[in-house]
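These are the residues of each chain, in order.
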Amino acid sequence: MRIEIVPYNSIPYKHSLLIREEVLRKPLGMEITKGDVFDEDKHVHFVAIEEEYADGVNLNAVVGCVVLIPNYEPQTAKLRQMATLEQFRGKGYGKALVWQLEKYAKRKGMAKIVLNARHYAVDFYLKVGYQIRSEKFTEVGIDHFKMEKDLRA
Ligand SMILES: CC(C)(COP(=O)(O)OP(=O)(O)OC[C@H]1O[C@@H](n2cnc3c(N)ncnc32)[C@H](O)[C@@H]1OP(=O)(O)O)[C@@H](O)C(=O)NCCC(=O)NCCS
């Protein structure tokens, strides 16, 4: 497994859009819209890559992704569009994506990460050190909670 930062509109970025559509939009009967990718040329795109070789052929595939918005608020970055393909869950890809995103954010002088967590992902974010910071609210028709992590703690 490895985590890479990939350029906006690169092939692995486009693979990550397919994962985002599959995991975060299709279950809601939605597709990725222009609004979902608005300003993404200014954001940082992390992908998780499954390293696999068969008969000497490199089958490396993007299996997860997350997006960082640096300076979303002063010294604060936003984590969004976190997803791993269902058949690759529970193998540490999610944790590794968050870890690399936080390492990058710290290097860029960010003191805090904020995110809007779908209710069924809250326990995942609690496991990787985030705290709930709001009452329940609705976004894309799903219950969410605002969560955050102090990177200087
Ligand atoms: C949330 C998600 C990204 C986690 O990815 P993952 O690759 O399975 O995560 P990891 O394998 O690194 O899991 C890390 C730990 O969190 C736990 N975990 C993962 N997803 C969880 C969830 N939804 N609820 C509770 N615990 C979860 C794992 O069991 C693991 O626990 P451990 O460290 O005790 O073994 C993935 O489940 C997913 O894409 N879900 C659907 C989309 C989604 O909810 N995205 C977030 C929107 S806000």
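Before reading on, note that the structure itself is shown above.
The structure displayed is predicted, hence computed values, not measured ones.

## Quick notes on the environment of E22
Then, number 1: With respect to the secondary-structure elements, E22 resides in helix α1 (residues 11–25).
Then, number 2: Look at E22 and you get partly exposed, because 14 C-beta atoms sit within 10 Å.
Then, number 3: Residues E22 and E86, 64 residues apart in the sequence, show an inter-C-alpha distance of 9.6 Å.

## Remarks on helix α2 (residues 93–107)
Then, number 1: The terminal C-alpha atoms of α2 lie 21 Å apart, and with 15 residues this matches the ideal 21 Å at 1.5 Å per residue to within 8%.
Then, number 2: In this structure, the buried side of α2 is in contact with β1 (2–6), β2 (44–50), β5 (61–73), β6 (76–84), β7 (112–118) and α3 (122–127).
Then, number 3: Among the residues trailing α2, G109 stands out with phi positive, at a value near 85°.

## Some words on the pairing of β6
Looking down a regular strand, the side chains alternate between one sheet face and the other.
Then, number 1: The element β6 is extensively covered by neighbouring structure, given that seven of its nine residues are classed as buried.
Then, number 2: Pairing of β5 with β6, which is carried by six bridges, proceeds in the antiparallel orientation. Across the sheet, E73 pairs through a bridge with T76, a residue of β6.
Then, number 3: Turn length for the β5-β6 hairpin, with the two strands adjacent in sequence and antiparallel, is two residues, and the turn residue Q75 shows positive phi of about 55°.
Then, number 4: Sheet topology places β6 next to β7; three bridges connect them, and they run parallel. By the bridge assignment, T76 is partnered in β7 with K112.

Cut-offs used in this document
- Residues numbered from 1 in each chain as written.
- Predicted model: local features only at pLDDT ≥ 70, side-chain atom pairs only at ≥ 80, totals over all residues.
- Helix = DSSP H or I, 4+ residues; strand = E, 2+ residues; numbered from the N terminus.
- Buried ≥ 20, exposed ≤ 12 C-beta atoms within 10 Å, placed from the backbone.
- Expected span 1.5 Å × (residues − 1).
- Contact = placed C-beta atoms within 7 Å.
- Pairing = 2+ DSSP bridges.

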